[in-house]
There are 2 protein chains.
Amino acid sequence: MRRFVVETAKHINKRNNVNVSSIHSHLKNRNFIGFYQSFLFSSAFSTSTSTSPMDYSNGSSNPVNLQTINPKVVKCEYAVRGEIVTQAEKLQEQLKKDPESLPFDEILYCNIGNPQSLGQHPITYFREVLALCDHPSILDKSETQGIFSADSIERAWQILDQIPGRATGAYSHSQGIKGLRESIAAGIEARDGFPANANDIFLTDGASPGVHMMMQLLLRSEQDGILCPIPQYPLYSASIALHGGTLVPYYLDEATGWGLEISDLRKQLDDARSKGITVRALVVINPGNPTGQVLAEENQKQIVEFCKKEGLVLLADEVYQENVYVADKQFHSFKKIARASGYGDNDLALVSFQSVSKGYYGECGKRGGYMEVTGFSAEIREQLYKVASVNLCSNITGQILASLVMSPPKVGDESYETYCAEKDGILSSLARRAKTLEDAFNSLEGVTCNKAEGAMYLFPRINLPKKAIQAAEAVPTAPDAFYARRLLEQTGIVVVPGSGFGQVPGTWHIRCTILPQEDKIPAIVERLTEFHKKFMDEFRD
Amino acid sequence: MRRFVVETAKHINKRNNVNVSSIHSHLKNRNFIGFYQSFLFSSAFSTSTSTSPMDYSNGSSNPVNLQTINPKVVKCEYAVRGEIVTQAEKLQEQLKKDPESLPFDEILYCNIGNPQSLGQHPITYFREVLALCDHPSILDKSETQGIFSADSIERAWQILDQIPGRATGAYSHSQGIKGLRESIAAGIEARDGFPANANDIFLTDGASPGVHMMMQLLLRSEQDGILCPIPQYPLYSASIALHGGTLVPYYLDEATGWGLEISDLRKQLDDARSKGITVRALVVINPGNPTGQVLAEENQKQIVEFCKKEGLVLLADEVYQENVYVADKQFHSFKKIARASGYGDNDLALVSFQSVSKGYYGECGKRGGYMEVTGFSAEIREQLYKVASVNLCSNITGQILASLVMSPPKVGDESYETYCAEKDGILSSLARRAKTLEDAFNSLEGVTCNKAEGAMYLFPRINLPKKAIQAAEAVPTAPDAFYARRLLEQTGIVVVPGSGFGQVPGTWHIRCTILPQEDKIPAIVERLTEFHKKFMDEFRD
């Protein structure tokens, strides 16, 4: 995505003589982000003109332009790779050509949860097993024993034996290789203390395709709604837009550490229903993205009760289940909470998403993940299987990695100590980085930042001075995008403006990952602090 | 998918007292498959009842059932993994438990182009490079030189140097790693003799997600149509159904070796337009799936002219570009044909799909592929980039493999000879298998089979006796599904009924891959011949 909502607005506004603040006050009177977007894009749709370079001079006009493509595609937004990132890539090219031309010597991508792009090393054992599965003919060579651990060799054999014909280059069952799903189910059982079934697992290329699949299944028209937290990870708003539904927001409470209040859920549900929206599902992201909160067990129980009572599918984004940094919080899966509350498969439709991209493994590029689908009837499971089968299967490397992540080395395995050291090293360092950055943000004038209890992000609130907001409106751009753009241009630090995630109108945030390597954190803090001071000096009321 | 169109019909028919032949005569009067499907499924939608096992006894009813999910999902069909395959999997389980219980000792999956599942070995060089990229820390160990070729080690270093931070576990650019796209573009240039641009390449998890992305972009409603060959690979009908458009069929002419007649294209286009359908694109599969034909250069020129004149996007499925088995035919990409005809980027919107799953490599499980997107305006390219970015990127292993497939070892490289021997061995064996199976089908009573000039399939026509058709109607099931089911149950050979691909009404086919290993072909021919003779003896008029 190259434009944010407000960025798009600016072009329309220029034509229509509307200023950004009038859009914002318009927004305040709207409960639905969907309404906001359709306001902007229906305007865009009717007023923008084609800028196509093509000349169909033979009489037929260029048939593919912004007016004639699927409007759901036009409406979809994805801020994590938005305009700021495009600008960062340009600056990176500039640095390559002329390292002296900018006031910094590297671009620091704090916009996306992509640990290995910032220097995090993969877990050795996982990569050993993947390499052996990719090229099994070295498995019984003597040299292999010199450069691979004994348990990775054994594990590769085990995995190959689970694959029909040992063919890692064959399409698998459309839900994924049965034996790998069994390992995953065993891992879930060990985690939760409740049974899990390999037939409930759908392996996917990362968590995103699973989310798309559920949206595709549930959304019939814009009269169907999905309850989503605000702020939210924009995969949800994007996939709801692409599948033509309505995002029904509920607000996390910043004042109570991004608490999830059932009373707000209830209010938003009733409000949506009164407008004729059929709410199909509730999205919960735990640990939270972009907020970093970890839900309390009691809160999770309330959410389960709420979904059961209201007949909502619970879509539980649990991709940060390994990323908890505080002693007083612990990750509990929603399935564990539901089963512990006495609810079985017949009581609640629940989908848990997991990914190999997060945790301590951070294997984003491998595109592995799964969804555990429980509480759906056989006929709906058949429909899900059918949709999965149209794309044949997810990639086998990602499938293998998903099984490894859910059943890592055990005490006594040759790799166990190295594995633990790597894992603990990454997680404890992430906890330290989160704390240092949190403290840094909190030390800035007009900035408050909740603790990152989990996940990979901080979402500080920036109380921007009126003069800065006016300067942003003059561009025009969203005030937090204005701040983020300045931050990039003066320090090379890339963050995502809060407007890409949604926020209470009139508040401004940025999302900043905790992922730069630890030795870079002091310089980041220094640059950030200096930048912010200068920014405030320029715009302080 | 567990049900075929006609299978679904049978349940409806039982309720509504409609027989299958009346549906077929209904079909004869319809030009649009979409109409056929919506006829069946709108009936299913209004008459079927929930069979959910869930009991929402607290007052709220089970909110997710066939009546309340997205009807586009219900409508979507994908025959390649349909009911016959489900039955085959059951029989395979039965064989495992009781090998004597069936009249055959193994299931032979000839339903799907999945070479490695049937024993084809991967190309050694490709797997060496993948393993080294998965676990780069062995690259500079002395043991590695003993078990990997020198050029695979060098290539792995080259690829790692193309990846920012050498991080194969990081999300890449949403179109794929720039350096890999450059290798692919160079491979396309070498193939076509015309320039290719890395910025036009979108790396995808196999070809399917690229096709979905284009359908998502182009289809606004069922008033938008896509011209598709009949018979077609059901990814197209499935993705058109999922994205809510209309499939506009054009018929390949079986009598002329599945020839593509421009006059039929024109007729179907005019017919669709007269019904108010906006036709957005033309799908051409070359070499053909399921038909195996390779288009003549002159025919391709006509297709390019037709798309240019009519303002249609040309969606060129070229995943079988390496699979040509006859001396008098050659693969030419549509881009080469267009450029050779003097048409540049401004004249024609053209998308070429390629995959690592087919060719001589057959790396289905790696889910690698790309689309080369030319002739679209910058604003539409931005929209495509945005949609790609919502899923972040395709898997890096698949990306690397796609680059290898498009730039394999060269003369002088250490692996070159082995690579050539493996490649030629696979392709020449496929050609022999195609010929043997083609001859076998043609020797059967009432069966005619066109030559498999390319791809991986034969699509013989079975002139079923009236008594067999009546027996199928009594089940009820489609006559070709009846034949395929019998074939499976008596021989263990799995094929896909032609009704899954579309065929001229009143004709019946099966699709059979040419992929079983060569030493198994004689037994397959024998079983097939014996089965067919018995079948004819039972049903001959």
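Residues numbered from 1 in each chain as written. Chains lettered and ligands numbered in written order. Predicted model: local features only at pLDDT ≥ 70, side-chain atom pairs only at ≥ 80, totals over all residues. Heavy atoms only, no water.

Some points on the overall build of chain A
Now for step 1: Helices and strands together make up the secondary structure of chain A, namely 20 helices and 14 strands.
Now for step 2: Counting only residues that meet the buried cut, chain A has 65% of its 541 residues in that class.
Now for step 3: Within chain A, residue pairs in contact and separated by at least 24 positions form 73% of the contacts whose partners lie at least 6 positions apart.
Now for step 4: In the form shown here, chain A has an accessible surface area of approximately 18400 Å², with 50% of it arising from carbon and sulfur atoms. (Helix = DSSP H or I, 4+ residues; strand = E, 2+ residues; numbered from the N terminus. Buried < 20%, exposed > 50% of the residue type's maximum accessible area, 1.4 Å probe, protein only. Contact = heavy atoms within 4.5 Å. Areas by Shrake-Rupley, 256 points an atom, 1.4 Å probe, with all protein chains shown as cover.)

As for the relation of the copies chain A and chain B
Now for step 1: For the pair chain A and chain B, the superposition axis carries a translation of 0.0 Å, the fit reaches an RMSD of 0.0 Å, and the rotation angle comes to 180°. Taken together, the turn and the small shift mark the pair as related by a two-fold rotation axis. Across chain A, the smallest distance between a C-alpha and the rotation axis is recorded for Ala-131 of chain A, namely 2.1 Å.
Now for step 2: Of all interface residues in chain A, 99% are interface residues in chain B too; the two copies therefore contact each other through one and the same surface. (Least-squares fit on C-alpha atoms with pLDDT ≥ 70 in both.)

Remarks on the interface of chain A and chain B
Bring the parts together and some accessible area is lost; that lost area is often taken as the interface size.
Now for step 1: Listed per partner, the contact involves 110 residues of chain A and 109 residues of chain B.
Now for step 2: Both sides together, the interface formed by chain A and chain B hides about 8900 Å², and carbon and sulfur atoms give 54% of it.
Now for step 3: Interface area lost by chain A to chain B is led by Arg-81, Ile-147 and Tyr-171 of chain A, which between them contribute 8%.
Now for step 4: The residue Asp-134 of chain B makes a salt bridge to Lys-366 of chain A at a minimum N-O spacing of 2.5 Å.
Now for step 5: Our count for the contact surface shared by chain A and chain B stands at 44 residue pairs in polar contact (both at pLDDT 80 or more).
Now for step 6: Where the side of chain A that touches chain B is concerned, the elements lending two or more residues are helix 4 (71-75), helix 6 (124-134), helix 7 (142-147), helix 10 (208-218), helix 11 (235-242), helix 13 (297-310), helix 15 (378-390) and helix 16 (396-406) of chain A.
Now for step 7: Take the side of chain A that touches chain B: its biggest share by element is ten residues, from helix 15 of chain A.
Now for step 8: Taken together, the residues that form the side of chain A that touches chain B break down as 45 nonpolar, 39 polar and 26 charged. (Buried area = accessible area lost by both parts, 1.4 Å probe. Salt bridge = Lys/Arg side-chain N within 4 Å of Asp/Glu carboxyl O. Polar contact = N/O pair within 3.5 Å; in protein donor to acceptor, adjacent residues only side chain to side chain. Nonpolar A, V, L, I, M, F, W, Y, C, P; charged D, E, K, R; others polar.)

Points about the UniProt feature "domain: Aminotransferase class I/classII large" (unreviewed entry) in chain A
Now for step 1: The UniProt entry lists residues 165-527 of chain A under the feature "domain: Aminotransferase class I/classII large" (unreviewed entry), expressed in the numbering used here.
Now for step 2: For residues 165-527 of chain A, the helix share is 41%, the strand share is 15%, and the end-to-end C-alpha distance is 55 Å. (UniProt positions renumbered as here; feature names shortened; annotations may be inferred.)

Topic: the sheet that holds strand 3 (residues 224-230) of chain A
Residues and elements named next belong to chain A.
Now for step 1: Reading across from one edge, 2-8-7-6-5-3-4 is the order of the seven strands in this open sheet, with mixed pairing throughout. Of all strands in the sheet, those with a lone pairing partner are strand 2 (201-204) and strand 4 (246-251), marking the two edges. Looking at each pair of strands side by side, their axes are set apart by 20° on average, direction ignored.
Now for step 2: Of the pairings in the sheet, the one linking strand 7 (residues 350-355) to strand 8 (residues 369-374) comprises six bridges and is antiparallel in character. When the sheet's bridge partners are listed, Phe-353 is paired in strand 8 with Met-371.
Now for step 3: The sheet contacts of helix 10 involve strand 2, strand 3, strand 5 (278-285), strand 6 (313-317), strand 7 and strand 8, and relative to strand 7 the element is tilted by about 155°.
Now for step 4: Sheet contacts for helix 12 (residues 262-274): strand 3, strand 4 and strand 5; angle to strand 4, the most-contacted strand, approximately 150°. (Pairing = 2+ DSSP bridges. Axes fitted to C-alpha atoms, helices over the stretch in contact; angles between N-to-C directions.)

Notes on the environment of Ile-69 of chain B
Now for step 1: Within the secondary structure layout, Ile-69 of chain B lies in the loop between helix 3 (33-47) and helix 4 (71-75).
Now for step 2: Ignoring any residue separated from it by four or fewer positions in sequence, one finds Ile-69 of chain B in contact with Leu-217, Arg-220, Arg-280, Ile-380 and Gln-383 of chain A together with Val-64 and Val-74 of chain B.

Structural notes on the packing of helix 9 (residues 178-192) of chain B against helix 16 (residues 396-406) of chain B
All names here are of chain B.
Now for step 1: Orientation of helix 9 relative to helix 16, taken along the N-to-C sense of each, is 25°, at an axis distance of 8 Å. Here helix 9 is positioned roughly parallel relative to helix 16, judged by the angle of their axes. In this structure, helix 9 crosses over helix 16, and the sense of that crossing is left-handed. Residues Leu-180, Ser-183, Ile-184, Gly-187, Ile-188 and Arg-191 of helix 9 form the contact with helix 16, whose participating residues are Gln-399, Ile-400, Ala-402, Ser-403 and Met-406. (Parallel < 35°, antiparallel > 145°, perpendicular 65-115°, else oblique. Left-handed = near helix turned anticlockwise from the far one by under 90°.)

Focus on the sheet that holds strand 10 (residues 457-458) of chain B
Now for step 1: In space, the three strands of this open sheet follow the order 10-14-13 (chain B), with antiparallel pairing throughout. Both edges of this open sheet fall to strand 10 and strand 13 (496-497) of chain B, since each of them pairs with a single strand only.

Some thoughts on the pairing of strand 5 (residues 278-285) of chain B
Residues and elements named next belong to chain B.
Now for step 1: In terms of burial, strand 5 is a largely internal element, seven of the eight residues being buried.
Now for step 2: Where strand 3 (residues 224-230) meets strand 5, four bridges bridge the pair, whose relative direction is parallel. Across the sheet, Leu-227 pairs through a bridge with Leu-282, a residue of strand 5.
Now for step 3: Tracing the backbone out of strand 5, into helix 13 (residues 297-310) and back to the parallel element strand 6 (residues 313-317) gives a crossover that is right-handed. (Right-handed = clockwise from strand over helix to strand, strands pointing away.)

Focus: the environment of Glu-261 of chain B
Now for step 1: Within the element layout of this structure, Glu-261 of chain B appears in the loop between strand 4 (246-251) and helix 12 (262-274).
Now for step 2: Residue class for Glu-261 of chain B comes out partly exposed when judged on its relative accessible area of 38%.

Digging into the packing of aromatic side chains
Residues and elements named next belong to chain A.
Now for step 1: Enumeration according to the criterion identifies 26 aromatic pairs over all chains in this entry.
Now for step 2: Centre to centre, the rings of Tyr-360 and Tyr-419 are 5.9 Å apart; their planes meet at 70°, and the pair counts as edge-to-face. Of the two residues, Tyr-360 sits in the loop between strand 7 and strand 8 while Tyr-419 sits in helix 17 (residues 416-442), which places them 59 residues apart along the sequence. Of the two residues examined, Tyr-360 and Tyr-419, each falls in the buried class. (Phe/Tyr/Trp six-rings, centres within 6.5 Å; stacked < 30°, edge-to-face > 60°.)

Considerations on unusual backbone geometry
Now for step 1: Look at the link from Ile-230 of chain A to Pro-231 of chain A: it is a cis peptide, with omega at 0°.
Now for step 2: Among the secondary structure elements, Pro-231 of chain A is positioned in the loop between strand 3 and helix 11.
Now for step 3: For the bond running from Asn-286 of chain A to Pro-287 of chain A, omega is -10°, close enough to zero to count as cis.
Now for step 4: Mapped onto the elements of the fold, Pro-287 of chain A is located in the loop between strand 5 and helix 13.
Now for step 5: If you check the backbone angles, Leu-392 of chain A has positive phi at about 70° while not being a glycine.
Now for step 6: Even without being a glycine, Ala-455 of chain B presents a positive backbone phi close to 60°.
Now for step 7: Residue position: Ala-455 of chain B is located in the loop between strand 9 (447-448) and strand 10.

Description of the side chain of Asn-114 of chain A
Now for step 1: By the element assignment, Asn-114 of chain A lies in the loop between strand 1 (108-109) and helix 6.
Now for step 2: A polar atom in the side chain of Asn-114 of chain A sits 2.8 Å from the backbone nitrogen of Tyr-171 of chain B.
Now for step 3: Beyond its immediate stretch of four places on either side in the chain, Asn-114 of chain A contacts Cys-364 and Leu-515 of chain A together with Ala-170 and Tyr-171 of chain B.

Here we look at the confidence of the model for chain A
Residues and elements named next belong to chain A.
Now for step 1: Looking at chain A, the pLDDT average stands at 88 and 89% of residues meet or exceed 70.
Now for step 2: Within the model, the stretch residues 1-60 combines pLDDT values under 50 with 123 contacts to residues more than four positions away or in other chains.
Now for step 3: Predicted complex metrics record ipTM = 0.89 and pTM = 0.89. (pLDDT = per-residue confidence, 0-100.)

A closer look at the nonpolar core
Now for step 1: Counting residues in each nonpolar core, the largest one holds 284 residues, and the members touching the most others are Phe-126 of chain A together with Phe-126 of chain B.
Now for step 2: Looking at this core, the element that brings in the most residues is helix 17 of chain A, giving nine residues.
Now for step 3: Apart from residues no more than four positions distant in its own chain, Phe-126 of chain A is found in contact with Tyr-360, Tyr-361, Leu-401, Leu-404, Val-405, Pro-408, Pro-409 and Tyr-419 of chain A. (Core = buried A, V, L, I, M, F, W, Y, C linked by side-chain atoms within 4.5 Å.)

Examining the side chain of Glu-379 of chain A
Now for step 1: Note that Glu-379 of chain A resides in helix 15.
Now for step 2: A distance of 3.4 Å separates the side chain of Glu-379 of chain A from the backbone nitrogen of Leu-66 of chain B, its partner in a polar contact.

A few points about the pairing of strand 14 (residues 510-513) of chain B
All names here are of chain B.
Now for step 1: Residue alternation in strand 14 divides its side chains into two sets, Ile-510 and Cys-512 and Arg-511 and Thr-513, and both sets are buried.
Now for step 2: One ladder, built from two bridges, connects strand 10 with strand 14; its direction is antiparallel. Looking across to strand 14, one finds that Leu-458 is bridged to Cys-512.
Now for step 3: Sheet topology places strand 13 next to strand 14; two bridges connect them, and they run antiparallel. Paired with Val-496 across the bridge in strand 14 is Arg-511.

Some words on helix 16 of chain A
One full turn of an α-helix is made of 3.6 residues, so residues set three or four places apart face in the same direction.
Now for step 1: Within helix 16 of chain A, eleven of the eleven residues are buried, which leaves it mostly tucked inside the rest of the structure.
Now for step 2: For helix 16 of chain A, the N-terminal capping position is held by Asn-395 of chain A, with its side-chain oxygen 3.3 Å away from the main-chain nitrogen of Thr-397 of chain A.

A look at empty space enclosed by the protein
Now for step 1: Summed over the entire model, instances satisfying the criterion amount to eight cavities of 30 Å³ or more.
Now for step 2: Taken together, 33 residues make up the lining of the largest cavity; nearest its centre are Pro-209, His-212 and Asn-391 of chain A together with Pro-209 and Asn-391 of chain B.
Now for step 3: Secondary-structure elements contributing two or more residues to the lining of the largest cavity are strand 2, helix 10 and helix 15 of chain A together with strand 2 (201-204), helix 10 (208-218) and helix 15 (378-390) of chain B.
Now for step 4: Tallied by class, the residues present in the lining of the largest cavity amount to 15 nonpolar, 14 polar and four charged. (1 Å grid on protein atoms, 1.4 Å probe; cavity = no way out; pocket = protein on both sides within 12 Å on 5 of 7 lines; lining within 4 Å. Points joined across faces, edges and corners; volume = space filled by probe spheres on them.)

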